[in-house]
Amino acid sequence: MSWWKSNNLRLIQNNLRETDANLNVDRLIEDLQRLSTNVLMMNAGGIVAFYPTKLEYQYRAANQQKDLLKEAIEKTHAHDMKFIARFDFSKAHESIFDKRPEWFYRTLEGKEVNYHGIVHTCINGYYQREYSLQMIDEVISNYDVDGIFFNMFGYQTRDYSGTHYGICFCDSCKAKFHEFSGLDLPLTESLDDPVYRQYKLFQDATTKEMLDRIHALVKSKNKDIAISTYNEHKVDIVRKESNTDNKRPHPVWLYSASENVQSLEDSWEDKLVSNCCINAIDLVHRFTGVSRHEVNIRLKEGLASGSGLDFCIIGVFEDYPDRENLPTVAAIYEYHKNNEQYYGNFISMSDVALIKPGKPVQKNMKEYLGLYKMLKEEHVLFDVLDQNVLATKAGSPKRYKAIMIPDIASFSEDELQSLEALYLQGVCLFSTGGSFTEGVENASFLQHRFDVKLDSVHVHNQEAAYLLTDNKQLFASFPERDWIFLTDSFYRVEFGPNTDKQLPYVIPSTFGPPERASGHRISEQHWGAGIHTNGNHKAVYVPWQAGELYYKHGYADHKNAVMDLLHHTLNQPLTLVTNAPTNVEVFFHKLPDGNYILHVLNLSGFNGVSYTNPLPVYDLKVTLRGLEACSEAIYLTETSQPQALFVQTEQEMSIEIPELSDFAAVVIRTR
């Protein structure tokens, strides 16, 4: 079995500067050992080569006096660590541009992008398409690397200061796009532009083509060299990042690590994910770290979701000016080292699957993120299925109770067939937003399975629109609140006669001045939800963006409406229920040996912007259904009592956690 498939990475990335070319490797190894590291990722080549390259068009680190790459590999291996060589082909030294200007990115005006002596390249130019393979070959043929990683792989249109230069207009891009589409390159970057939509497909196709070529080269040399980058195609380790940027709009995404891991682990069985916890607060301020509480959450979310550990700093530890987070990293890495036997191969116990939009021309991710947040807060066990693998999931042995579809306007014929197969197996289809509204095949599926026809789309802008929660038995979360506010897109659909129509649309009326805030009427044509039942098969259609509204604004009404509909439609007990508050994240999986593992993570230290110490949560109870008979429950985390309290009946068992200060992991042993 290839070394990475055990999924137990405790990876540290030292993102080297050119000034680190003669670093003290022995000191670095000592620092890595203190962090219980088992994989080192360090620069090899691309922008700067940290070894004596013989290639004419690769710039070597100035004043380097030794073969740093060779020494680092030999000493990591001597200390039982793996070594992943990092490359970055997105840019090259300006001396190479001076010799081969035709290999580089060009703006619409034909200008290069030179950022402090480093010039942007293009994935379709000779430098990336051909010469990068020579750099890879030089390293993997002469050095005993265990893996290779590519930073900033694909299409890059911004410099490190965030300046956007637009798509590349180099001669290679012009020719290849015309060959691909018969069109000239688009002059806009709007998904409403059909040429730009073609360009997005072109980007996806050419990126995958380059990964095909890299895969063929590397595996022909050594199949046990792991390939890694930020793309799922033809790679072994998919790299993702939990990072921050001081220009990123709010809301702050609390579930970054959980979502990054789930969206890969739940979808691809032949790959693993390494979610990098970036210590720096942004690209500009690389030498100051985020809060240690944020690092704690990121690493533990990733671990409890099913991945190993991954942490990155700029440079090396000996002169790194912010050491505050390192004890937190060391403690979590040591925990994983001591309990490695339980990690690496979790088995899903989820009741629900949430589809992650995965097409290059997808417009709306906020609906998906909002539904993700709802399910996490309500402690519904769920998997994330990437849309790109949906066509392969019809025969999956997992039996979900519901599939949630977040405002995905178009599915391929194979994906629709997969959804049809899941529906016929008794899985409820639960759709929000404008799903299935683009193309004849999708419209047909919408009518056939949801009993819905799209009439029109109305975008509310400063209009006092609402939905009426008149069915208090179904919408039990609204005993004293009758109206839910509605804004943004509302899909006016026609529900068929055999559909249970809910949430009547409250037609907008005047809202100001106060003396004229009256006149609302209840529509008899438009509704906020429809439940279509066909024997034992159910499909729910919610023609507004409840998830996006919850993601952007955080009003519980939008979450409660969706969750009330979900629970009503399923009408059966879920695998896990708990009294945990919404700011406690719960994870539950089966282990390969038949035992189970429960994680609970206290997120109460997050206030929407800042992170601090979480407040203790007392008397937590987690009730689990459908398990084999259990003999004992053992804490893996530090606690005053090694065994957890549990109560078992024929139908269920309950774990009791008297106090949760930060994080608890409990292994439940079966008889």
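Just so you know, these numbers come straight off a predicted model, no measurement behind them.

(A) Spatial organisation of the overall build of the protein chain. Within the protein chain, the secondary structure is distributed over 14 helices and 29 strands. Over its C-alpha atoms the protein chain spans a radius of gyration of 27 Å, differing by no more than 12% from the 26 Å that the globule rule assigns to 671 residues. Out of the 671 residues belonging to the protein chain, those deemed buried represent 57%. Per element, the accessible surface of the protein chain, about 28200 Å² overall, is 46% carbon and sulfur. Here the protein chain holds 66 positive side-chain charges and 89 negative ones, and the gap between their average locations is 2 Å.

(B) View of the packing of aromatic side chains. Per the stated rule, a full pass over the model turns up 44 aromatic pairs. Where Phe 445 meets Phe 450, the ring centres are 6.4 Å apart and the plane angle is 65 degrees; that geometry is what we call edge-to-face. Comparing Phe 445 with Phe 450 shows no difference in burial state: the two are buried. Three or more aromatic residues link up through ring pairs in this structure, and these residues are Tyr 57, Phe 97, Trp 103, Phe 104, Tyr 126, Tyr 127 and Tyr 131. Over the ring of Phe 149 we find Arg 239, and its NZ or CZ is 4.9 Å from the ring centre.

(C) Expanded view of the pairing of strand β20 (residues 521–534). Two elements, strand β19 (residues 499–509) and β20, share seven bridges in a ladder whose sense is antiparallel. For Val 506, the partnering residue across the bridge sits in β20 and is Ile 522. Bridge analysis of β20 against strand β21 (residues 537–542) gives five bridges, and the strand direction is antiparallel. Within β21, the position partnered with Asn 534 by the bridge is His 537. Adjacent in sequence and paired antiparallel, β20 and β21 are bridged by two residues, among which Gly 535 carries a positive phi angle near 65 degrees.

(D) Layout of the sheet that holds strand β25 (residues 617–625). The sheet built from four strands is open, its strands ordered β22-β25-β28-β27 with antiparallel pairing. Strand pairing shows two members of the sheet lacking a second neighbour, β22 (576–578) and β27 (645–648), which therefore form its edges. Averaged over all adjacent pairs, the angle separating strand axes in this sheet is 20 degrees, with direction ignored. With four bridges joining them, β27 and strand β28 (residues 652–660) adopt antiparallel strand pairing. Within the sheet, the bridge partner assigned to Val 647 lies in β28 and is Ser 654.

(E) Highlighting the sheet that holds strand β4 (residues 91–93). Spatial strand order, β4-β6-β5: three strands in an open sheet with antiparallel pairing. If you trace the sheet from one side to the other, it starts and ends with β4 and β5 (114–115), each paired once.

(F) Spotlight on helix α8 (residues 292–305). For α8, with 14 residues, the first-to-last C-alpha span of 20 Å sits near the 20 Å given by 1.5 Å per residue. For α8, the tally of buried residues reaches 13 of 14 residues, placing the bulk of the element in the interior. One side-chain oxygen of the residue at the start of α8 lies 3.0 Å from the amide nitrogen of His 293, identifying that residue as Ser 291. In the segment just after α8, Gly 306 is the residue with positive phi, at about 125 degrees.

Cut-offs used in this document
Residues numbered from 1 in each chain as written. Predicted model: local features only at pLDDT ≥ 70, side-chain atom pairs only at ≥ 80, totals over all residues. Heavy atoms only, no water. Helix = DSSP H or I, 4+ residues; strand = E, 2+ residues; numbered from the N terminus. Rg over C-alpha atoms; globule rule 2.2 N^0.38 Å. Buried < 20%, exposed > 50% of the residue type's maximum accessible area, 1.4 Å probe, protein only. Areas by Shrake-Rupley, 256 points an atom, 1.4 Å probe, with all protein chains shown as cover. Lys, Arg positive; Asp, Glu negative; His and termini not counted. Charge placed at Lys NZ, Arg CZ, Asp CG, Glu CD. Phe/Tyr/Trp six-rings, centres within 6.5 Å; stacked < 30°, edge-to-face > 60°. Lys NZ or Arg CZ within 6 Å of the ring centre and 35° of its normal. Pairing = 2+ DSSP bridges. Axes fitted to C-alpha atoms, helices over the stretch in contact; angles between N-to-C directions. Expected span 1.5 Å × (residues − 1). Polar contact = N/O pair within 3.5 Å; in protein donor to acceptor, adjacent residues only side chain to side chain.

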